[in-house]
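The primary structure of each chain is shown beneath.
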Amino acid sequence: MLNITDEQKKILNKYLDNVNELIDNNNIEKLLIEFDDAIIEFGMDNDQEITIKGVEMQRIYDQIYNQNC
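Residues numbered from 1 in each chain as written. Predicted model: local features only at pLDDT ≥ 70, side-chain atom pairs only at ≥ 80, totals over all residues. Heavy atoms only, no water.

A. The arrangement of the pattern of salt bridges in detail. This model, assessed by the stated rule, comprises 1 salt bridge. For the salt bridge of Glu34 with Lys30, the shortest nitrogen-to-oxygen distance reads 3.8 Å. Highlighted residues: Glu34 and Lys30, both in helix α3 (residues 28–42), separated by 4 residues, approximately one helical turn. (Salt bridge = Lys/Arg side-chain N within 4 Å of Asp/Glu carboxyl O. Helix = DSSP H or I, 4+ residues; strand = E, 2+ residues; numbered from the N terminus.)

B. Examining the side chain of Gln8 more closely. Assignment of secondary structure puts Gln8 in helix α1 (residues 6–15). Judged by relative accessible area, which is 2%, Gln8 ranks as buried. At a separation of 3.0 Å, a polar atom in the side chain of Gln8 contacts the side chain of Gln63. Beyond its immediate sequence surroundings of up to four residues, Gln8 is in contact with Asn3, Ile60, Gln63, Ile64 and Gln67. (Buried < 20%, exposed > 50% of the residue type's maximum accessible area, 1.4 Å probe, protein only. Polar contact = N/O pair within 3.5 Å; in protein donor to acceptor, adjacent residues only side chain to side chain. Contact = heavy atoms within 4.5 Å.)

C. Quick look at the nonpolar core. Core analysis: the biggest nonpolar cluster contains 19 residues, and Ile4, Leu12, Leu31, Phe35 and Ile64 have the highest contact counts within it. Of all the secondary-structure elements, those providing two or more residues to this core are α1, α2 (19–24), α3 and α4 (52–68). Those residues in contact with Leu31, other than ones at most four positions away along the chain, are Ile4, Leu12, Leu16, Leu22, Ile23 and Ile64. (Core = buried A, V, L, I, M, F, W, Y, C linked by side-chain atoms within 4.5 Å.)

D. A look at α1. Those residues of α1 lying buried are Gln8, Ile11, Leu12 and Tyr15. Buried positions in α1, seen along its axis, are confined to an arc of 100° and lie on one side of it. In this structure, α1 carries Asp6, Lys10 and Lys14 as exposed residues pointing more than 90 degrees from its buried face. Elements that come into contact with the buried residues of α1 comprise α2, α3 and α4. (Arc of directions from axis to C-beta.)

Below, the structure is given as structure tokens:
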């Protein structure tokens, strides 16, 4: 089972439709790839600069990576 907090899961659910499936399947690689795509889509501005939201999303990404890899 993946090591993800309830707070992290709540944030992931905002951006990914299949969070529970990824967690249940213990698929950290796919979860991180899909969340990385969400960071690019929702956390970058039109000039491809990271936004405050993107920084927060990247922090969650890094936490999940460190907790599971």
